[in-house]
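# Structure at a glance
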Amino acid sequence: MGATYCLCRDGVGEKDLQTSIDYACGVLGDCNPIHEKGPCYQPNNVKGHCDWAVNSYFQRSGQLPGSCNFSGIATTSPNPPSTVVTGCIYPSSPGSTGTTTTTRPPGTPTFPGPPAFGPTGGFDPSGNDALSLFTSIALTLGFVVIAFQ
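For the structure given in this document, a descriptive report is provided here. Please read these numbers as outputs of a predicted model, since none were measured by experiment. (Residues numbered from 1 in each chain as written. Predicted model: local features only at pLDDT ≥ 70, side-chain atom pairs only at ≥ 80, totals over all residues. Heavy atoms only, no water.)

### Points about the overall build of the protein chain
Basically, it comes down to this: Each helix is a run of H or I in the DSSP string that is no shorter than four residues. Each strand is a run of E no shorter than two, and both are numbered from the N terminus. Relative accessible area decides the class of each residue, using a 1.4 Å probe on protein chains only: under 20% of the type maximum gives buried, over 50% gives exposed, and in between gives partly exposed. Values of accessible area rely on a 1.4 Å probe in the Shrake-Rupley scheme; residue burial ignores everything except the protein chains shown.
Within the protein chain one finds three helices and two strands. Burial analysis of the protein chain (149 residues in total) assigns 33% to the buried set. About 8,600 Å² of surface is accessible on the protein chain, with carbon and sulfur atoms providing 57% of the total.

### Remarks on the environment of glycine 62
Inspection of the secondary structure assignment puts glycine 62 in the loop between α2 (46-60) and β2 (74-77). Under the relative-accessibility criterion, glycine 62 is labelled partly exposed at 36%. Note: C-alpha distance between glycine 62 and glycine 95 (33 residues apart in sequence) is 8.0 Å.

### Comments concerning unusual backbone geometry
Omega for the bond connecting glutamine 42 with proline 43 falls within 30 degrees of zero, at 0°, which places this linkage in the cis form. Relative to the assigned elements, proline 43 resides in the loop between α1 (14-27) and α2. Phi is positive for lysine 37, close to 75°, though the residue is something other than glycine. As for its position among the elements, lysine 37 is in the loop between α1 and α2. A positive phi angle, near 55°, is found at serine 71, a position not held by glycine.

### So, the packing of α1 against α2
Put simply, the rule is: Here the axes come from fitting lines to C-alpha atoms, over the contacting stretch only for helices, and the angles between their N-to-C directions go from 0 to 180 degrees. Rotating anticlockwise by less than a right angle from the far helix to the near helix defines a left-handed crossing, while the corresponding clockwise rotation defines a right-handed one. Contacts were defined at the residue level, with two residues in contact if any of their heavy atoms lie within 4.5 Å. Under the scheme applied here, ten amino acids are nonpolar (Ala, Val, Leu, Ile, Met, Phe, Trp, Tyr, Cys and Pro), four are charged (Asp, Glu, Lys and Arg), and all others, including Gly, are polar.
Here α1 crosses α2 at 35°, and the two axes come no closer than 8 Å. In this structure, α1 crosses over α2, and the sense of that crossing is left-handed. Between α1, through Glu14, Leu17, Gln18, Ser20, Ile21, Tyr23, Ala24, Cys25 and Val27, and α2, the contact on the second element is made entirely by Val46, Lys47, His49, Cys50, Ala53, Val54 and Tyr57. Residues that form the contact of α1 with α2 fall into these classes: 11 nonpolar, three polar and two charged.

### With respect to α1
Selection rule: Take the number of residues in a helix, subtract one, and multiply by 1.5 Å to get its expected span.
With 14 residues, α1 extends 20 Å between its outermost C-alpha atoms, agreeing within 8% with the 20 Å of an ideal straight helix rising 1.5 Å per residue. On its buried side, α1 packs onto β1 (5-8) and α2.

So this is what it looks like as C-alpha cells:
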C-alpha cells in the first residue's frame, strides 16, 4: 500500500485553516515540528502549518475514515506537499512518526491515545453517516474501556 497524506485544500481562507490547525494540534496532532525553529516551520505560512497539523492528526488517528476532512478543509493525497523543506519528513502512514521534537524517556511507547475524529462536516442521520457515526462511537467507547481497565 502506498503513502497517504492528509493536506489542507488550496484556496481555503486563513481563518478556516487556522481553525483546523488549532483543532488538530489541540486534540491529537504533534505540532512541535511547526513551532518556530522546528524542522517543518518553513514555509512559515498558515497553509504550510495546516498541512503538517492535519497530516499529523490523520496519521496519529490511524488514518480512520473521516479523520482527514476537517469540515471539508482537508483531503487525502498520495504525495506530500510540494513546499516541504529539507529536513522536514512528513509521516505517510499510521506507523510513521515523521520529524518530531517531542522528547520521551527511552523505551516509552508513542501511544497517541484513543481514536479521535476531526471535524467532518455535515451529518445526514438518515444515511450511511449515521451508521458511520454510531460505529465510530462504539469503537471509541470500546477502546476506552479496554485501555482503562
